[in-house]
4 protein chains.
Amino acid sequence: MTASPLAQPALAPQEHQYILTLGCPDSTGIVAKLSGFLAGIGAWITEAHFFSDPESGWFFTRQAVRAEPLEMTREEVVEALRPLVEELGEEGKPVSWRVTDNAVRKKAVILVSKEGHCLQDLLGRVDQNDYPMEVCAVIGNHRNLEPLAAAHGIPFHHVPFPPDAVGKRRAFDEVAELVNAHDPDAVVLARFMQILPPDLCEMWEGRAINIHHSFLPSFMGARPYHQAHQRGVKLIGATCHYATQDLDDGPIIEQDVIRVSHKDTPRDMQREGRDAEKQVLARGLRWHLEDRVQVYGNRTVVFD
Amino acid sequence: MTASPLAQPALAPQEHQYILTLGCPDSTGIVAKLSGFLAGIGAWITEAHFFSDPESGWFFTRQAVRAEPLEMTREEVVEALRPLVEELGEEGKPVSWRVTDNAVRKKAVILVSKEGHCLQDLLGRVDQNDYPMEVCAVIGNHRNLEPLAAAHGIPFHHVPFPPDAVGKRRAFDEVAELVNAHDPDAVVLARFMQILPPDLCEMWEGRAINIHHSFLPSFMGARPYHQAHQRGVKLIGATCHYATQDLDDGPIIEQDVIRVSHKDTPRDMQREGRDAEKQVLARGLRWHLEDRVQVYGNRTVVFD
Amino acid sequence: MTASPLAQPALAPQEHQYILTLGCPDSTGIVAKLSGFLAGIGAWITEAHFFSDPESGWFFTRQAVRAEPLEMTREEVVEALRPLVEELGEEGKPVSWRVTDNAVRKKAVILVSKEGHCLQDLLGRVDQNDYPMEVCAVIGNHRNLEPLAAAHGIPFHHVPFPPDAVGKRRAFDEVAELVNAHDPDAVVLARFMQILPPDLCEMWEGRAINIHHSFLPSFMGARPYHQAHQRGVKLIGATCHYATQDLDDGPIIEQDVIRVSHKDTPRDMQREGRDAEKQVLARGLRWHLEDRVQVYGNRTVVFD
Amino acid sequence: MTASPLAQPALAPQEHQYILTLGCPDSTGIVAKLSGFLAGIGAWITEAHFFSDPESGWFFTRQAVRAEPLEMTREEVVEALRPLVEELGEEGKPVSWRVTDNAVRKKAVILVSKEGHCLQDLLGRVDQNDYPMEVCAVIGNHRNLEPLAAAHGIPFHHVPFPPDAVGKRRAFDEVAELVNAHDPDAVVLARFMQILPPDLCEMWEGRAINIHHSFLPSFMGARPYHQAHQRGVKLIGATCHYATQDLDDGPIIEQDVIRVSHKDTPRDMQREGRDAEKQVLARGLRWHLEDRVQVYGNRTVVFD
């Protein structure tokens with residue numbers, strides 16, 4: 001991957017860390033076991049979050065440790081941890097866990113349609129050298145954002161979406177192939193405006209991230225700003241969520257709102273709402289890329 | 001009306017004003033006519049708001065003028081203005097208008113159930129002598145808030161609501177009689193938890209103000225905090241709206257939200273949400289009492 | 001302590017918990033030791049927070065465990081934990097720690113002057129039975145809030161503050177005696193408007209909590225809303241902080257802001273600012289009472 | 001001016017309007033005279049704001065009228081209005097007024113240093129074709145943002161700032177010449193990091209707009225995020241203001257804050273604060289460009 005022609009100087013470099021995330025059936029002593037393990041390998045914990053969900057009886061944690069003094073590779077940490085993780089699982093309730101290295105940039109493919117504000121915002125953050133993401137490709141069902149991707153040195157693929165079902169399916173297959181070529185950590189639907197078919201939702205489960213331009217569950221479906229104007233609400237919002245087969249109903253990562261008034265037309269709301277969309281997507285996606293989000297049922301734990 | 005035993009010193013007194021509000025079919029020159037009228041009687045305008053709704057073709061205004069230098073009573077202003085107002089109407093589209101005097105306290109009756117936080121907040125604001133309202137009575141379907149009303153010197157009426165339809169109807173009739181005895185400017189449903197029957201909604205149209213404990217239109221109906229927890233939203237809210245026959249679907253006056261996380265149980269949301277409920281009701285009700293709200297269709301103009 | 005005559009039904013009861021808070025010099029393995037200890041006594045952790053401050057090299061934690069299944073009194077937990085705590089200290093850097101029982105209400109004395117909005121808000125929260133505080137007494141340098149305290153069944157002490165230094169000092173001595181009689185967990189300056197002398201600041205270090213009506217460090221000192229109006233800011237705020245000898249410069253617990261505009265007079269700001277003051281004090285004081293706040297230097301860790 | 005290579009489709013076009021702004025000594029009847037004039041030429045007012053400042057005795061208004069049905073050029077409106085405006089002035093208190101045409105893009109020159117987030121955000125808004133601005137040039141005291149300007153088709157001028165006073169003065173003269181060549185409506189200091197000399201402040205009075213990375217008046221001067229961290233505040237902010245000779249003390253147009261915690265290092269605050277800086281600058285600058293801001297003394301009226 002070559003650097004963006006628009007790359008800018010970064011803030012002071014972030015500390016090199018390994019991030020451990022884990023979800024398992026809850027019981028007493030899990031924290032002690034994990035902490036004991038980390039103390040045993042001499043790890044210096046810089047951030048630690050825990051959450052026990054009383055309803056599901058499931059335990060979640062995220063722990064960040066300094067990589068430098070550890071003198072172990074990420075792979076060595078994984079191998080050292082494996083026996084303990086196996087203890088934590090139960091019949092039919094496998095532990096989900098991973099150890100990542102924050103020096104390894106996460107990979108993303110961004111899907112767009114005509115509106116460029118979210119894409120422009122994300123590419124700017126990457127160029128400002130302080131967003132934990134490498135953009136492998138942008139895929140658009142229109143051509144108009146190709147120059148924007150090109151300016152940032154990102155390959156752009158144009159995949160037109162015909163109105164008929166067969167043509168659309170073929171287009172999705174092409175998109176899937178283009179996406180999967182990069183095995184990305186995130187498939188970002190940055191105002192993509194096309195509904196992912198169930199098989200792609202499943203294939204990219206926990207990786208496909210959508211920005212919806214309403215405060216879900218209000219105003220699901222099409223033209224949410226017009227719905228909001230019609231209803232006369234005093235705040236409009238945006239929601240960043242994992243895409244699932246249930247349209248606009250996936251696990252929510254982040255939401256925010258902005259104030260509107262009777263003076264605002266649907267057009268005004270569209271314009272003002274863009275700021276909320278950009279912010280909410282940028283925050284939610286960052287948390288995903290920093291391994292701060294874990295999904296349980298239709299909800300998320302966000303260790304921010 | 002005797003003063004509350006808990007009355008406290010007020011801030012500096014507010015200026016004495018007449019408030020003119022008016023809604024009529026839009027056309028050019030309305031502002032000029034109104035402004036010309038006000039200039040003609042020597043009025044000093046301290047606040048002026050206008051709004052033309054392009055969809056309905058309706059024009060709204062609120063103008064505050066200093067009462068002192070005017071040397072006219074409110075009634076004299078009304079009579080002087082009447083001929084002009086008649087000009088502004090159209091066949092089948094009558095002008096809605098009023099002139100109020102901010103030195104005359106607006107009257108309210110407050111309906112409650114068991115939860116006292118909104119009542120306590122409103123009574124406190126009245127005692128702090130800076131809320132434009134006189135509370136004529138509190139009506140509760142339980143007795144537990146009687147001491148709170150009594151401490152503030154407000155009559156409390158206990159009207160039990162039996163579970164059966166006939167008993168409930170009789171209870172509503174009793175409530176209506178108690179409310180109407182005061183001909184109040186506002187009937188405040190401060191977490192009343194009973195659904196107003198259609199005839200009362202109609203009778204109190206534009207005066208019955210409800211606080212709903214969600215960010216409408218999300219989570220209409222019962223137990224909105226449980227619904228919010230179930231859906232995994234990251235913000236919860238409250239909505240102040242006029243009560244209409246369409247439950248939780250009346251014109252919205254004000255809304256706000258507060259941030260929650262995966263850690264918050266429905267109980268936590270209930271507790272934290274109370275702050276939003278109190279604030280949103282207090283703000284929306286204030287605007288209503290200050291003649292800042294006008295309803296058109298299912299929406300409101302709020303001149304704040 | 002008898003119940004308030006205005007007490008209202010509580011939400012579902014909160015879980016019975018012991019809360020461990022601890023601050024000590026940072027080193028690897030602290031979390032493991034603490035977690036190992038808790039696992040060893042069979043504790044079920046329901047909430048755990050950690051923070052290492054890189055500048056001071058100090059480690060902070062707050063851990064909540066279920067009391068019921070533990071079959072130990074709070075005192076027994078303290079004794080069991082003591083040896084470990086002693087290990088964590090260093091020469092000249094003693095560990096600060098405590099174990100509290102959330103079933104034991106924290107005690108507060110509230111100091112007021114003429115303005116009652118913060119007092120009224122706090123007493124309402126206590127009556128609504130969901131604020132972790134028992135108010136032992138209210139002390140006022142004016143009499144006008146006596147009826148408010150009385151209505152809630154709280155003893156009120158009137159201590160007039162004469163303008164001369166000697167009289168003022170005597171008044172402070174009287175206040176101190178009245179406060180200390182209760183050995184309170186919090187001395188709440190709820191718009192008290194008198195500057196605590198250094199010896200009282202020291203005596204109540206970490207317990208005296210003030211609400212300042214500006215977004216500190218902006219507009220320290222007198223009449224902050226007038227200062228804010230003069231400067232033409234677009235947001236005004238409130239700050240809850242520990243009172244120290246450096247006026248308006250103590251460790252900040254919580255802050256918030258509200259939007260204002262050119263239309264707002266200092267009087268409007270005073271009125272609107274009250275809502276921020278109430279909220280910010282109520283939040284900051286709650287965190288203090290729930291042992292969520294730890295002070296280091298002039299800053300606070302808030303584990304919310 | 002050629003279009004940006006990255007230009008994107010706009011939202012529905014905005015209505016063509018003339019905007020009248022005016023500030024004059026207050027007296028009764030001004031609104032009537034203005035409204036009468038507008039009614040006389042058959043103007044359809046779509047938005048009208050008024051404000052009387054009681055302290056200065058000054059009156060401000062902004063009125064937007066539909067251009068299409070008016071059948072007058074902007075210049076004809078100006079000439080028709082002139083006699084009335086002359087009536088409104090007083091000895092030594094000249095009226096400030098203008099009539100602008102929202103179809104004529106306002107011109108801006110943007111001054112930058114190394115950090116590109118504000119520039120990138122503004123250029124993106126212009127490309128998304130919904131920001132009322134044409135960027136004539138970008139001037140930087142470093143070269144690293146040249147590719148960003150170039151990608152958007154904007155001329156970039158590199159003016160190095162030597163550390164010595166004479167060299168700096170020469171650099172400012174060069175900047176002034178480059179700026180003045182465009183006679184811009186706005187000189188945007190988008191994290192320019194150099195202090196404008198008094199003569200340039202005066203020359204660009206009411207046009208030079210700065211973004212300061214703190215919630216002024218807190219943390220004026222250098223390294224505000226470090227100051228904020230040091231003080232332990234719980235919110236950080238950004239302030240958009242007119243640049244004046246009193247550094248960081250000019251009339252404030254817009255401010256906003258974001259929440260931080262003890263976990264945030266100065267570096268974290270820098271990163272998170274960028275979002276506030278971008279938003280606050282974009283909002284404040286938009287209002288300036290839409291003629292919504294009027295300055296009086298050290299304060300602003302913002303008719304948003």
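Residues numbered from 1 in each chain as written. Chains lettered and ligands numbered in written order. Predicted model: local features only at pLDDT ≥ 70, side-chain atom pairs only at ≥ 80, totals over all residues. Heavy atoms only, no water.

This paragraph deals with the overall build of chain A. Within chain A, the secondary structure is distributed over eight helices and 13 strands. Taking 2.2 N^0.38 as the reference for a compact globule, 304 residues should give roughly 19 Å; the C-alpha atoms of chain A span a radius of gyration of 21 Å, in line with that estimate. With the C-alpha coordinates aligned to their principal axes, the bounding extent of chain A is approximately 60 × 45 × 40 Å. The proportion of buried residues among the 304 residues of chain A is 61%. Here the contacts in chain A between residues at least 6 apart in sequence split such that 68% fall between residues at least 24 apart. Counting only carbon and sulfur atoms, one obtains 52% of the accessible surface of chain A, whose full area is about 11600 Å². Both charge centroids of chain A, one from 31 positive and one from 43 negative side chains, sit 8 Å from each other. (Helix = DSSP H or I, 4+ residues; strand = E, 2+ residues; numbered from the N terminus. Rg over C-alpha atoms; globule rule 2.2 N^0.38 Å. Buried < 20%, exposed > 50% of the residue type's maximum accessible area, 1.4 Å probe, protein only. Contact = heavy atoms within 4.5 Å. Areas by Shrake-Rupley, 256 points an atom, 1.4 Å probe, with all protein chains shown as cover. Lys, Arg positive; Asp, Glu negative; His and termini not counted. Charge placed at Lys NZ, Arg CZ, Asp CG, Glu CD.)

Here we take up the UniProt feature "domain: Formyl transferase N-terminal" (unreviewed entry) in chain A. Annotation from UniProt places "domain: Formyl transferase N-terminal" (unreviewed entry) at residues 106-283 of chain A. End-to-end, the C-alpha atoms of residues 106-283 of chain A are 15 Å apart, and along that stretch the chain is 37% helix and 24% strand. (UniProt positions renumbered as here; feature names shortened; annotations may be inferred.)

Okay, the relation of the copies chain D and chain B next. Least-squares fitting of chain D to chain B yields an RMSD of 0.0 Å, with the transformation described by 0.0 Å of translation along the axis and a rotation of 180°. Viewed as a symmetry operation, the transformation between the two copies matches a two-fold axis. Across chain D, the smallest distance between a C-alpha and the rotation axis is recorded for Ala32(D), namely 3.0 Å. The share of interface residues of chain D whose copies in chain B are also at the interface is 100%, consistent with both copies meeting through the same surface. (Least-squares fit on C-alpha atoms with pLDDT ≥ 70 in both.)

Mapped onto this numbering, the UniProt entry gives "active site" (unreviewed entry) at Asp248(A). The contact partners of Asp248(A), leaving out residues within four places of it in the chain, are Asn210(A), His212(A), Leu216(A), Met220(A), Gly221(A), His241(A) and Arg231(B). A distance of 2.8 Å separates a polar atom in the side chain of Asp248(A) from the backbone nitrogen of Gly221(A). (Polar contact = N/O pair within 3.5 Å; in protein donor to acceptor, adjacent residues only side chain to side chain.)

Right, let's get into the interface of chain D and chain B. Counting residues at the interface gives 16 residues for chain D, matched by 16 residues for chain B. Across the contact surface, chain D and chain B share one residue pair in polar contact (both at pLDDT 80 or more). If you list the elements that add at least two residues to the side of chain D that touches chain B, you get helix 1 (30-40) and strand 2 (45-53) of chain D. Looking at the side of chain D that touches chain B, the element that brings in the most residues is helix 1 of chain D, giving five residues. Here the residues of the side of chain D that touches chain B sort into eight nonpolar, seven polar and one charged. (Nonpolar A, V, L, I, M, F, W, Y, C, P; charged D, E, K, R; others polar.)

Residue and element names in this part refer to chain D. Relative orientation of the contacting elements helix 7 (residues 224-231) and helix 8 (residues 266-289) amounts to 120°, with a least axis distance of 9 Å. One element, helix 7, and the other, helix 8, form an angle in the oblique class. Considering how the two elements wind past one another, helix 7 and helix 8 form a crossing that is right-handed. Where helix 7 abuts helix 8, its residues Tyr 225, His 226, Ala 228 and His 229 lie against Pro 266, Met 269, Gln 270, Gly 273, Arg 274 and Glu 277. A class-by-class count of the residues in the contact of helix 7 with helix 8 yields four nonpolar, four polar and two charged. (Axes fitted to C-alpha atoms, helices over the stretch in contact; angles between N-to-C directions. Parallel < 35°, antiparallel > 145°, perpendicular 65-115°, else oblique. Left-handed = near helix turned anticlockwise from the far one by under 90°.)

Let us look at the pairing of strand 1 (residues 17-25) of chain C. Residues and elements named next belong to chain C. Of all the nine residues making up strand 1, nine are buried; the element is thus mostly covered by neighbouring parts of the structure. Bridging between strand 1 and strand 3 (residues 58-66) involves nine bridges; their strand directions are antiparallel. The residue bridging Gln 17 from the neighbouring strand is Arg 66, located in strand 3. Sheet topology note: the strand 1/strand 4 (residues 96-101) ladder contains six bridges and is antiparallel. Among the inter-strand pairings, Tyr 18 is bridged to a residue of strand 4, identified as Asp 101. (Pairing = 2+ DSSP bridges.)

Attention shifts here to helix 2 (residues 74-88) of chain B. Each α-helix winds once per 3.6 residues, and so residues spaced three or four apart point in a common direction. All names here are of chain B. Over its 15 residues, helix 2 extends 20 Å from the first C-alpha to the last, a length consistent with the 21 Å expected when each residue adds 1.5 Å. Remark: the principal bend of helix 2, roughly 45°, maps to Arg 82, with a proline, Pro 83, within the next four residues. Of all the positions in helix 2, only Val 77, Val 78, Leu 81, Leu 84, Val 85 and Leu 88 are classed as buried. In the core, the buried residues of helix 2 are packed alongside strand 1 (17-25), helix 1 (30-40) and strand 4 (96-101). (Expected span 1.5 Å × (residues − 1). Bend = angle between axes of the 7 residues up to and from the residue.)

Across the contact, 34 residues belong to chain A and 34 residues belong to chain B. Taking both partners together, chain A and chain B bury about 2900 Å²; carbon and sulfur atoms supply 53% of that area. If you sort the residues of chain A by the area they bury against chain B, Arg231(A), Lys234(A) and His262(A) come out on top, with a joint share of 25%. Our enumeration of links across chain A and chain B arrives at six salt bridges. Across the salt bridge formed by Asp256(B) and Arg259(A), the nearest N and O atoms sit 3.7 Å from each other. The interface formed by chain A and chain B holds 19 residue pairs in polar contact (both at pLDDT 80 or more) in total. Within the residue set of the side of chain A that touches chain B, elements represented by two or more residues are helix 7 (224-231), strand 11 (252-259) and strand 13 (299-302) of chain A. In terms of residues, the side of chain A that touches chain B owes the most to one element, strand 11 of chain A, which gives seven residues. (Buried area = accessible area lost by both parts, 1.4 Å probe. Salt bridge = Lys/Arg side-chain N within 4 Å of Asp/Glu carboxyl O.)

If a residue is not glycine, its phi is most likely negative; likewise, a peptide bond is most likely trans. Along the chain, Leu216(A) connects to Pro217(A) via a cis peptide bond; the corresponding omega equals 5°. Along the polypeptide, Pro217(A) turns up in the loop between strand 9 (208-212) and helix 7. A positive phi angle, close to 40°, is found at Asp183(B), a residue other than glycine. Mapped onto the fold, Asp183(B) is located in the loop between helix 5 (165-180) and strand 8 (186-189). In this model, Arg223(D) sits at a positive phi of 50°, which is unusual for a non-glycine residue. Relative to the helices and strands, Arg223(D) resides in the loop between strand 9 (208-212) and helix 7. What makes Arg223(D) exposed here is its relative accessible area of 55%.

Let us look at the environment of Ala103(D). On the secondary structure map, Ala103(D) appears in the loop between strand 4 (96-101) and strand 5 (106-112). As for Ala103(D) and Leu216(D), which are separated by 113 residues in sequence, their C-alpha atoms are 34 Å apart.

Here we take up the side chain of Arg62(D). All names here are of chain D. Position of Arg 62 among the secondary structure elements: in strand 3 (residues 58-66). A polar contact is formed between the side chain of Arg 62 and the backbone oxygen of Glu 290, at a distance of 2.9 Å. Residues within four places of Arg 62 in sequence aside, it is in contact with Ile 19, Leu 20, Thr 21, Glu 47, Ala 48, His 49, Glu 290, Asp 291, Arg 292 and Phe 303.

Okay, the sheet that holds strand 4 of chain B next. Residue and element names in this part refer to chain B. Sheet architecture is open: four strands sit in the order 2-3-1-4, paired in antiparallel fashion. Looking along the sheet, the strands with just one partner apiece sit at the ends: strand 2 (45-53) and strand 4. Pairwise comparison of adjacent strand axes, ignoring direction, gives a mean angle of 5° for this sheet. In this fold helix 1 packs onto strand 1, strand 2 and strand 3 (58-66), with an angle of close to 20° to the strand it touches most, strand 3.

Between chain A and chain B, the superposition needs a rotation of 180° and an axial shift of 0.0 Å, giving an RMSD of 0.0 Å. Both copies present the same face, since 100% of the interface residues in chain A are matched by interface residues at the equivalent positions in chain B.

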